[in-house]
Amino acid sequence: MEQNPESALAWQFIESTGTHLFLTGKAGTGKTTFLRKLKQESPKRMVVVAPTGIAAINAGGVTIHSFFQIPFAPYVPESSFSTNGKASYRFRFGKEKINIIRSMDLLVIDEISMVRADLLDAVDEMLRRYRDPYKPFGGVQLLMIGDLQQLAPVVKDEEWQMLSKYYDTPYFFSSRALKQTEYCTIELKTVYRQNDGDFLELLNRIRENHCDPQVLEAIAKMSPQKLVYISCNSATLARDCKQLAQLGYRLKTAAPVDLFPRTTHVECAALLLREE
């Protein structure tokens, strides 16, 4: 991996400190490459998790719910896992899983933009249960990787009615446990995946929801056989992109769509380019 000041600083934070780190950056800036190098070269004992199965496979880890055996119901702080606040949920781990939790130095959470605040607090409760109960996340260092301008957390209206009493937003940074800590944010700025400066600028404008007439005109000039724009819900985005990949298209950028009501089926948009 080519070193740049931002990635070098991020590496130093992880290797030389116990400070939590939020590593962000646009698509193609080397976030996944950084994680792969970290897994290969870091002496720290780490566990890699992600919010979805596809994200976990791409990161070479497991899902958050699978590793911590967390149910899909909302987590209400200082309460229980349930939809009505009545049912309780007790964790049961084998000795091997408990030993892994107690011995790990670093918890890597990939695609952190999709992780809800209550889920991160549930992880905090799990780590406190088997590690230091007086320290956020049991004293484990967190490396949170993702782009907040890509896919957002999924929260149903009825779930948010419950969770809004405890959280300002559904995003991970509203986590109660995370607010009790100090964490550093580093943004990777060098884009390695795309060398076409004009096209890169176009992608950034779409990513930042600045689709003015100039952007639309630039898109219109592209061959329709080369460029594909899809809008869909987050559950089908990976499937649709996989099907288009078989036709030679590669995902260039994806972002949540905020122009529609929360009840719409359109939650995100993606731009794909067919490789020459």
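Above: the structure in question.
None of these values were measured; they are calculated from a predicted model. (Residues numbered from 1 in each chain as written. Predicted model: local features only at pLDDT ≥ 70, side-chain atom pairs only at ≥ 80, totals over all residues. Heavy atoms only, no water.)

## Description of the pairing of strand β4 (residues 106-110)
Sheet faces and side chains relate simply in a regular strand, where the side chains alternate between the two faces.
Turning to step 1, where the next piece is worked out: With respect to burial, β4 is a largely interior element, five of its five residues being buried.
Turning to step 2, where the next piece is worked out: Side chains Leu106, Val108 and Asp110 project from β4 onto one buried face, and the interleaved Leu107 and Ile109 project onto a second face that is buried too.
Turning to step 3, where the next piece is worked out: Two strands pair when backbone bridges link them, and strand β2 (residues 46-50) and β4 are joined in this way by four bridges, in the parallel orientation. By the bridge assignment, Val49 is partnered in β4 with Ile109.
Turning to step 4, where the next piece is worked out: In this sheet, strand β5 (residues 141-145) lies alongside β4 in parallel orientation, the contact comprising five bridges. Each residue of the ladder has a partner; that of Leu107, found in β5, is Leu142. (Buried < 20%, exposed > 50% of the residue type's maximum accessible area, 1.4 Å probe, protein only. Helix = DSSP H or I, 4+ residues; strand = E, 2+ residues; numbered from the N terminus. Pairing = 2+ DSSP bridges.)

## Things to note about the packing of helix α1 (residues 5-16) against helix α2 (residues 31-41)
Turning to step 1, where the next piece is worked out: Here α1 crosses α2 at 40°, and the two axes come no closer than 12 Å. Comparing their axes, α2 and α1 come out oblique. As α1 packs across α2, the resulting crossing turns out to be right-handed. Note on element contacts: α2 touches α1 through Phe34, Lys37, Leu38 and Glu41, opposite Ser7, Ala10, Trp11, Ile14 and Glu15.
Turning to step 2, where the next piece is worked out: Grouping the constituent residues of the contact of α1 with α2 by class yields five nonpolar, one polar and three charged. (Axes fitted to C-alpha atoms, helices over the stretch in contact; angles between N-to-C directions. Parallel < 35°, antiparallel > 145°, perpendicular 65-115°, else oblique. Left-handed = near helix turned anticlockwise from the far one by under 90°. Contact = heavy atoms within 4.5 Å. Nonpolar A, V, L, I, M, F, W, Y, C, P; charged D, E, K, R; others polar.)

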